[in-house]
Amino acid sequence: MKILFVCLGNICRSPLAEGILKKKIEEYGISGIIHSAGFEPYHEGQHPDPRSVATAKNHDIDISGKTARLFTLEDFDNYDKILVMDAMNYADVMRNARNGSDRSKVDYLLNLINEGSDDEVPDPYYGGPSGFDKVFDMMDRACDRIVKDLLN
Ligand code: 4NP
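What you see is a predicted model, and the numbers here were worked out from it, not measured in a lab.

Cut-off values and rules
- Residues numbered from 1 in each chain as written.
- Predicted model: local features only at pLDDT ≥ 70, side-chain atom pairs only at ≥ 80, totals over all residues.
- Heavy atoms only, no water.
- Axes fitted to C-alpha atoms, helices over the stretch in contact; angles between N-to-C directions.
- Helix = DSSP H or I, 4+ residues; strand = E, 2+ residues; numbered from the N terminus.
- Parallel < 35°, antiparallel > 145°, perpendicular 65-115°, else oblique.
- Left-handed = near helix turned anticlockwise from the far one by under 90°.
- Contact = heavy atoms within 4.5 Å.
- Nonpolar A, V, L, I, M, F, W, Y, C, P; charged D, E, K, R; others polar.
- 1 Å grid on protein atoms, 1.4 Å probe; cavity = no way out; pocket = protein on both sides within 12 Å on 5 of 7 lines; lining within 4 Å.
- Points joined across faces, edges and corners; volume = space filled by probe spheres on them.
- Pairing = 2+ DSSP bridges.

Let's talk about the packing of helix 2 (residues 50-58) against helix 6 (residues 129-151)
Next, step 1: In contact at an axis separation of 10 Å, helix 2 and helix 6 are set at 55° when each is read in the N-to-C sense. Judged on the interaxial angle alone, helix 6 and helix 2 are oblique. The interaxial crossing formed by helix 2 with helix 6 has right-handed handedness. Between helix 2, through Arg51, Ser52 and Thr55, and helix 6, the contact on the second element is made entirely by Phe132, Asp133 and Phe136.
Next, step 2: Taken together, the residues of the contact of helix 2 with helix 6 sort by class into two nonpolar, two polar and two charged.

Set out below in C-alpha cells:
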C-alpha cells in the first residue's frame, strides 16, 4: 500500500501522520510506502515544526529527518491513497486531479474512522503544544484503522 498524507505546510500534521503510520506498519511487519507532502511552499525543504517533532518523540517516533516537499501531479501515479487533513487540502488536491482515477484516490483521513463525515484534522500551527497532542490522537486512531484494514 502506497499512502501519501497531505496538509498545507507539510511541517505539522502530515509529517506526524507519516511517522505514526510508518511506525505502525513496521510493528506489524506490513510493507508499504508512506510519505507526506503539502501545498504551501513557504517551508519547503525544512524539517518538521519542533512541536511536531516533540509530540512524535513522546510516542517514540522520530520524524526529525523529514523535509517538507510540495505535492506534485506524479503523486497521483505514485500512491494508491492520498489522505488529506482538511477541506482546503481536499480542494487543493482535487483541483489538480486529472481524471476520475486520480479523484478516487483522495479522501479525508478522518473519513476512515467517521465515514462520510469530512471531519478535519485542525491546523495546530498557530496554537500551543496541546493542539499537537490533540491532532496526534486523531491521526493515531485513523492510522490504527488503516493498519486494521491492511491486516484484513
Ligand atoms: P501543516 O501546518 O499544514 O499542518 O504543516 C502549517 C504549517 C505552516 C503553514 C501552514 C500550515 N504556513 O502557512 O506557514
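A short note on the layout of surface pockets
Next, step 1: Taken as a whole, the largest pocket encloses approximately 170 Å³ of empty space.
Next, step 2: Considering the residues around the largest pocket, the lining is formed by 13 residues, among which Leu8, Gly9, His43, Asp123 and Tyr125 are closest to the centre.
Next, step 3: Considering only residue class, the lining of the largest pocket consists of seven nonpolar, three polar and three charged.

Some thoughts on the sheet that holds strand 2 (residues 33-37)
Paired through their backbone hydrogen bonds, the strands of a sheet run either parallel or antiparallel.
Next, step 1: The sheet built from four strands is open, its strands ordered 2-1-3-4 with parallel pairing. Looking at which strands have only one partner, the edges of the open sheet turn out to be strand 2 and strand 4 (106-108). Shown here is a sheet whose adjacent strand axes are inclined to one another by a mean of 25°, direction ignored.
Next, step 2: In the sheet, strand 1 (residues 2-6) pairs with strand 2 via five bridges, with the strands oriented parallel. Note on strand 2: the bridge partner recorded for lysine 2 is isoleucine 33.
Next, step 3: Packing of helix 1 (residues 13-28) onto the sheet brings it into contact with strand 1 and strand 2, and relative to strand 2 it is tilted by some 175°.
Next, step 4: The strands that helix 4 (residues 87-96) touches are strand 1, strand 3 (81-84) and strand 4; relative to strand 4, the one it contacts most, it runs at about 175°.

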